[in-house]
Amino acid sequence: MSTPGETAGETVESAREMLPDNSFLIQYPHVSRVVRSLFLTAFVAFGIGAFMGVLQALHRTGIARIVESADYYTFLTLHGVLLAIVFTIFFLAGVFTWANTRSLDRPPVSKRFTWFWVVTMSAGTAMAGIAMLAGLLPSIDISADVLFTFYAPLQAHPIFYIGLAVFVIGTWLAGIDWFRQFLAWRREHPDERIPLQSFMVLTTMIMWFIATLGVAVEVVVFLIPWSLGIMPAPNPLLTRTLFWFFGHPIVYFWLMPAYLLWYTVLPKIAGGRLFSDPLARVVFVLFLLLSTPVGIHHQYLDPGIAEGFKFIAMTNTMFLLLPSLLTAFTVVASIEHGARQRGGTGYFGWLKALPWRDPAFTGMALAGLMFAAGGFSGMVNAGMNINYLVHNTLWVPGHFHLTVGTAVALSFMAGAYWLVPRITGRKLYSRPIGLFQVVLWFVGMVFMSAAMHRGGLAGIPRRTAEPQYPQVAFETVAGSVGSLRLQLAFGGVLLFVSALLFLMNVGLTAMNNKPARGLDSALPPALSGPEQSPTVLDNLKLWALIAVVLVILAYSLPLYSIVQGAGLYPAGQEASPAVIAPLLEVIA
Amino acid sequence: MTATEAEAEADSAVVGDDVYTDGTLVRDPDIEESLSQDEYDPKGTLALLLVYFLILALMWTYMYFVEFLGNGATVVG
Amino acid sequence: MSRLSPASLLIVGAFMVPLFIELPVVLSFVGVNLPMEVSLGMGVVAFAMVLVWSEVSEKPEAADA
Ligand code: HEM
Ligand SMILES: [Cu+2]
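Everything quoted here is computed from the prediction, not taken from an experiment. (Residues numbered from 1 in each chain as written. Chains lettered and ligands numbered in written order. Predicted model: local features only at pLDDT ≥ 70, side-chain atom pairs only at ≥ 80, totals over all residues. Heavy atoms only, no water.)

Some thoughts on the overall build of chain C
When helices and strands are tallied, chain C shows two helices and zero strands. Counting across all 65 residues of chain C, residues that qualify as buried make up 31%. The long-range fraction of contacts in chain C, counting pairs at least 24 apart against all pairs at least 6 apart in sequence, stands at 62%. When the accessible surface of chain C is split by element, carbon and sulfur atoms take 72% of a total near 4,100 Å². (Helix = DSSP H or I, 4+ residues; strand = E, 2+ residues; numbered from the N terminus. Buried < 20%, exposed > 50% of the residue type's maximum accessible area, 1.4 Å probe, protein only. Contact = heavy atoms within 4.5 Å. Areas by Shrake-Rupley, 256 points an atom, 1.4 Å probe, with all protein chains shown as cover.)

Focus on the coordination of the copper ion (ligand 2)
Geometry reference: four tetrahedral donors at a metal, ideal angle 109.5 degrees. Six octahedral donors, ideal angles 90 or 180 degrees. All names here are of chain A. Coordination of the copper ion (ligand 2) by the protein is provided by His248 (ND1), His297 (NE2) and His298 (NE2), with metal-donor distances spanning 1.8 to 2.0 Å. All donor residues of the copper ion (ligand 2) come from one chain, and their arrangement in sequence is H-x48-H-H. Here the residue His248 occupies a position in the loop between helix H9 (236-247) and helix H10 (249-269), and His297 occupies one in the loop between helix H11 (277-290) and helix H12 (307-341), the gap between them amounting to 49 residues. (Donors = N, O, S within 2.8 Å, 3.2 Å for Na, K, Ca; no water.)

Quick look at the coordination of the iron atom of ligand 1
All names here are of chain A. Each protein donor to the iron atom of ligand 1 is listed here as His79 (NE2) and His401 (NE2); together their distances run 2.0 Å. Geometry at the iron atom of ligand 1 is octahedral, judged from the six donor atoms that bind it and their angles of 87 to 180° at the metal. Of the two residues, His79 sits in helix H5 (residues 72-104) while His401 sits in helix H15 (residues 395-424), which places them 322 residues apart along the sequence. The same class applies to His79 as to His401, namely buried. (Tetrahedral: all angles 85-135°; square planar, octahedral: opposite > 155°, others 65-115°.)

Some points on the side chain of A:Ser198
Residue and element names in this part refer to chain A. Structurally, the position occupied by Ser198 is in helix H8 (residues 196-227). Classification of Ser198 by relative accessible area gives buried; the value is 0%. A distance of 2.9 Å separates the side chain of Ser198 from the side chain of Asn100, its partner in a polar contact. Discounting chain neighbours no more than four positions away, the residues touching Ser198 are Asn100, Ser103, Leu104 and Phe182. (Polar contact = N/O pair within 3.5 Å; in protein donor to acceptor, adjacent residues only side chain to side chain.)

Observations concerning the interface of chain C and chain A
In this complex, chain C contributes 16 residues to the contact, which on the side of chain A involves 18 residues. For the pair chain C and chain A, the summed buried area comes to about 1,500 Å², and 81% of that belongs to carbon and sulfur atoms. Our count for the contact surface shared by chain C and chain A stands at one salt bridge. Close ionic contact of A:Arg454 with C:Glu22 constitutes a salt bridge, the shortest N to O distance being 2.9 Å. For the interface between chain C and chain A, the tally reads one residue pair in polar contact (both at pLDDT 80 or more). Looking at the side of chain C that touches chain A, the elements with two or more residues in it are helix H1 (6-29) and helix H2 (36-56) of chain C. Among the elements that line the side of chain C that touches chain A, the one with the most residues is H1(C), at 12 residues. (Buried area = accessible area lost by both parts, 1.4 Å probe. Salt bridge = Lys/Arg side-chain N within 4 Å of Asp/Glu carboxyl O.)

Some remarks on the site of ligand 1
Residues and elements named next belong to chain A. The full set close to ligand 1 counts 28 residues, and Arg60, Tyr72, His79, His401 and Arg463 are the nearest of them. Here a nitrogen atom of ligand 1 and a side-chain polar atom of His401 are 2.8 Å apart. For the shell around ligand 1, the secondary-structure elements that each account for two or more residues are helix H4 (29-60), H5, H15, helix H16 (431-457) and helix H17 (481-510). Class assignment of the residues belonging to the shell around ligand 1 gives a composition of 17 nonpolar, eight polar and three charged. (Near = heavy atom within 4 Å. Nonpolar A, V, L, I, M, F, W, Y, C, P; charged D, E, K, R; others polar.)

Digging into the UniProt feature "transmembrane region" (unreviewed entry) in chain C
Residue and element names in this part refer to chain C. Here the UniProt feature "transmembrane region" (unreviewed entry) sits at residues 7-32 and 38-56. Annotation note: span residues 7-32, helix share 88%, strand share 0%, distance between end C-alpha atoms 35 Å. Secondary structure within residues 38-56 divides into 100% helix and 0% strand; the distance between the first and last C-alpha atoms comes to 27 Å. (UniProt positions renumbered as here; feature names shortened; annotations may be inferred.)

Looking at the environment of A:Phe116
Note that A:Phe116 resides in helix H6 (residues 111-134). C-alpha of A:Phe116 to C-alpha of A:Pro303: the two residues are 187 residues apart in sequence and 43 Å apart in space.

Section: H15(A)
Residue and element names in this part refer to chain A. In this model H15 runs 40 Å from its N-terminal to its C-terminal C-alpha over 30 residues, within 8% of the 44 Å that 1.5 Å per residue would give. In the structure, H15 departs most strongly from a straight axis at Tyr417, where the bend amounts to approximately 35° and where the proline Pro421 lies between one and four residues downstream. Positive phi shows up at Gly425, right after H15, with a value of about 75°. (Expected span 1.5 Å × (residues − 1). Bend = angle between axes of the 7 residues up to and from the residue.)

Comments concerning the environment of A:Gly459
Residues and elements named next belong to chain A. Within the fold, Gly459 resides in the loop between H16 and H17. When the C-alpha positions of Gly459 and Gly343 are compared, they lie 49 Å apart, and in sequence the two are 116 residues distant. Here Gly459 is in contact with Thr393 and Phe474, once residues within four sequence places are set aside.

Some points on the packing of aromatic side chains
One pair of aromatic rings is described through two measures. These are the centre distance and the angle between the planes. Under the defined criterion, the tally for this structure stands at 48 aromatic pairs over all chains. Taken together, the aromatic side chains of A:Phe148, A:Phe150, A:Tyr151, A:Phe160, A:Tyr161, A:Trp208, A:Phe243, A:Trp244, A:Phe246, A:Phe253 and A:Trp254 make up a single cluster linked through ring pairs. Lying over the aromatic face of A:Trp418, A:Arg422 brings its terminal NZ or CZ to 3.8 Å of the ring centre. One cation-aromatic arrangement involves B:Lys43 over A:Tyr347; the distance from NZ or CZ to the ring centre is 5.0 Å. (Phe/Tyr/Trp six-rings, centres within 6.5 Å; stacked < 30°, edge-to-face > 60°. Lys NZ or Arg CZ within 6 Å of the ring centre and 35° of its normal.)

Focus on empty space enclosed by the protein
Residues and elements named next belong to chain A. According to the stated counting rule, one finds six cavities of 30 Å³ or more in the structure shown. Taken as a whole, the second largest cavity spans an internal volume of roughly 80 Å³. Lining the second largest cavity are Arg60, Thr61, Leu394, Ala451, Gly455, Ile460, Pro467, Gln468, Leu484, Arg485 and Leu488. Mapped by element, the contributors of at least two residues to the lining of the second largest cavity are H16 and H17. (1 Å grid on protein atoms, 1.4 Å probe; cavity = no way out; pocket = protein on both sides within 12 Å on 5 of 7 lines; lining within 4 Å. Points joined across faces, edges and corners; volume = space filled by probe spheres on them.)

What to know about a nonpolar patch on the surface
Residues and elements named next belong to chain A. A surface patch of nonpolar side chains, about 500 Å² in accessible area, is lined by Val536, Leu542, Leu545, Ile546, Val549 and Leu553. Looking at the element boundaries, Leu545 is found in helix H18 (residues 540-566). Assessed through its relative accessible area of 57%, Leu545 is described here as exposed. (Patch = residues over 30% accessible without salt bridge, like charges linked within 9 Å, V, L, I, M, F, W, Y side chains within 5 Å.)

Considering the packing of H5(A) against H10(A)
All names here are of chain A. At a closest axis distance of 10 Å, the pairing of H5 and H10 adopts a crossing angle of 40°. Taken together, the axes of H5 and H10 lie oblique to each other. Crossing handedness for the pair H5 and H10: left-handed. From H5, Ala84, Ile85, Thr88, Ile89, Leu92, Val95, Phe96, Trp98 and Ala99 reach across to H10, where they touch Ile250, Phe253, Trp254, Pro257, Leu260, Leu261 and Val265. (Axes fitted to C-alpha atoms, helices over the stretch in contact; angles between N-to-C directions. Parallel < 35°, antiparallel > 145°, perpendicular 65-115°, else oblique. Left-handed = near helix turned anticlockwise from the far one by under 90°.)

Section: the environment of A:Thr41
Residue position: A:Thr41 is located in helix H4. At a separation of 3.3 Å, a polar atom in the side chain of A:Thr41 contacts the main-chain carbonyl oxygen of A:Ser37.

Some remarks on the side chain of A:Thr203
Its place among the elements puts A:Thr203 in helix H8. Setting aside chain neighbours within four positions, we find A:Thr203 in contact with A:Met256, A:Phe284, A:Leu288 and A:Leu540.

Focus on the pattern of salt bridges
Residues and elements named next belong to chain A. Under the defined criterion, the tally for this structure stands at eight salt bridges over all chains. A salt bridge links Arg240 to Asp302; the shortest N-O distance between them is 2.7 Å. One end of the pair, Arg240, is in helix H9; the other, Asp302, is in the loop between H11 and H12, with 62 residues separating them in the sequence. When its relative accessible area of 5% is taken as the criterion, Asp302 is described as buried. In this structure, Glu307 and Lys310 form a salt bridge, with 3.7 Å as the shortest nitrogen-oxygen distance. Within this pair, Glu307 and its partner Lys310 are both found in helix H12, separated by three residues, close to a single helical turn. By relative accessible area, Lys310 is classed as buried at 3%. Put simply, Arg193, Asp277, Arg281 and Asp538 are held in one network by salt bridges that share partners.

What follows is the structure in structure tokens.
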């Protein structure tokens, strides 16, 4: 591998000297390389996933059916896994590597170990990716059309599950790496408060360690042995529950890095300072505590789980609104501070004083706005009674394209516009294209998501290649179903164009021979600093312990009653599709 | 390339907060002032959040009509 | 000279999209039936008017770039 200076000729090389001494690339060239390699994987996955997205949008609306309907689930699985798992997690691993190093002001303890987890994550991704892609080739007897929610009875080829397990282990190693980095810092600074960005990284990773226990048990104990044909089919309800044990907190694994950018980078871009460091810490602690004991809210319609457990999950979910609303306040107040420092006035007039021409700012601001809208549809999903109205309809993809598909994905794209120059030393290829691209994502998503929400209210199902039934007429609130389909497809096309523009802009930035400027990596201190908060906030062991206790409280009884009910391996469970039987015949 | 270098030099005087992602200078240092915690009262944030809560309340009212007047009662289990 | 820069026009236009998409829904709530196509068409017209206004209106003070 080569550093950018070697490949780029002397312009960037000589420009290196012009970079401020405290710029990240100068201080940590090796960490910058790690981040670049993680971002590269993230963006490749993003490109493929976005292509699948537009295929789906055109297909299910009947505008253009380029693929066979029979292959729809292969595409949908690729879309879900590549975007919601690979793109997000590789990108956030890059952000965390950058943030932990920057805020602790020291590199990870061992270069070898860092590359080891990068390679582990990549190898797992490659295995899972091959299994999914092979589903498109009928000549190969491998497939993984099990959707992003990979629980029984849908069955994938063992390579898919093994790849997932390897990938998750890679993320654990990454977390261990960031903790070692922190402990090394702690030895030299025994009495200092944990720097904010590092605090965010560590709390997020503790949450992730707890959350992934569910998926690890699901995959390693049940799915892998089952797909290898050594064990019978597991209880589907059990695998579903274990999946959602991880499936809700993964939502916060996506969001917390976006929050990290909103809390620490966005105020700087807006020309202000973070409103309150203590509030930011409280928010991350609350997410650590409350992210996991809520997963059952994805199973409101699952028979076999008592209503009481569902009610507890709903209550916990409503508590989760608290840190989200705190975030809304702190982030908006930090931006407003920037606007007022730059001469903004009035109750709403200050909005005009914000740097709207900067794609990094506008992207994150629009992402936050869409998240506010997603907050509403999320409250609808979370309510046990109203959930029945929208369960498994197109409303649900409508909701999470606002949250993960925009609040997270658009923040990451905007963050990339700010971060990529900092880890490459190259000037952003085009700011106007960047601005146009983030706005186009917003507009496309308004079209697609609004149509999905409305279609869902009319009862149109999600995860369906051809949701057009002569016997059923969907009744919409406003406008015809035909017009909703057009809006969905139109929005999907705009989103795809926006994704291409993003990839092009970032790719050309990575090859840009013009040096980046103004790369000071210092972030402004918070208005109200950490010294104003109780030190107990930094007691990570305590919070981890409470989080574990809450999880045990929320899950032990439901899991116990599920296992009591149908057992671990109920008789008569069939795999679908049965990939392993032919394989065993060949071996035998 | 010389143009870029010239720009870079001009910008390096104000390097740091005063630049967009691509390094183009945009802020006017004249109108810039530093607001401390005591001088700053986030009333715009309050205004925005009130607007948001208002929209939420209206949407919830609307939800009432969708769920209870649009369809029959939903009974599960 | 235009009152709004291309970037401002872009932002203003973007914020109009959700308004005109939601308009028919809000109206149906009070019993008015406005087809989605008409609403979006109104949005296009409104944006065109902003464009024209931006071109012809005078700036309050020339210094305000
Ligand atoms: C180019 C932009 C995108 C387009 C056009 C698009 C389109 C779609 C469509 C139409 C569906 C619903 C398919 C169905 O239920 O039949 C869908 C599902 C989904 N999308 Fe996207 N999407 C895009 C971007 C994203 C992003 C950025 C993410 C996350 C980071 C994402 C995550 C998902 C997930 C998790 C599903 C559900 C998959 C499943 O049901 O298993 N999408 N997408
Ligand atoms: Cu959830």
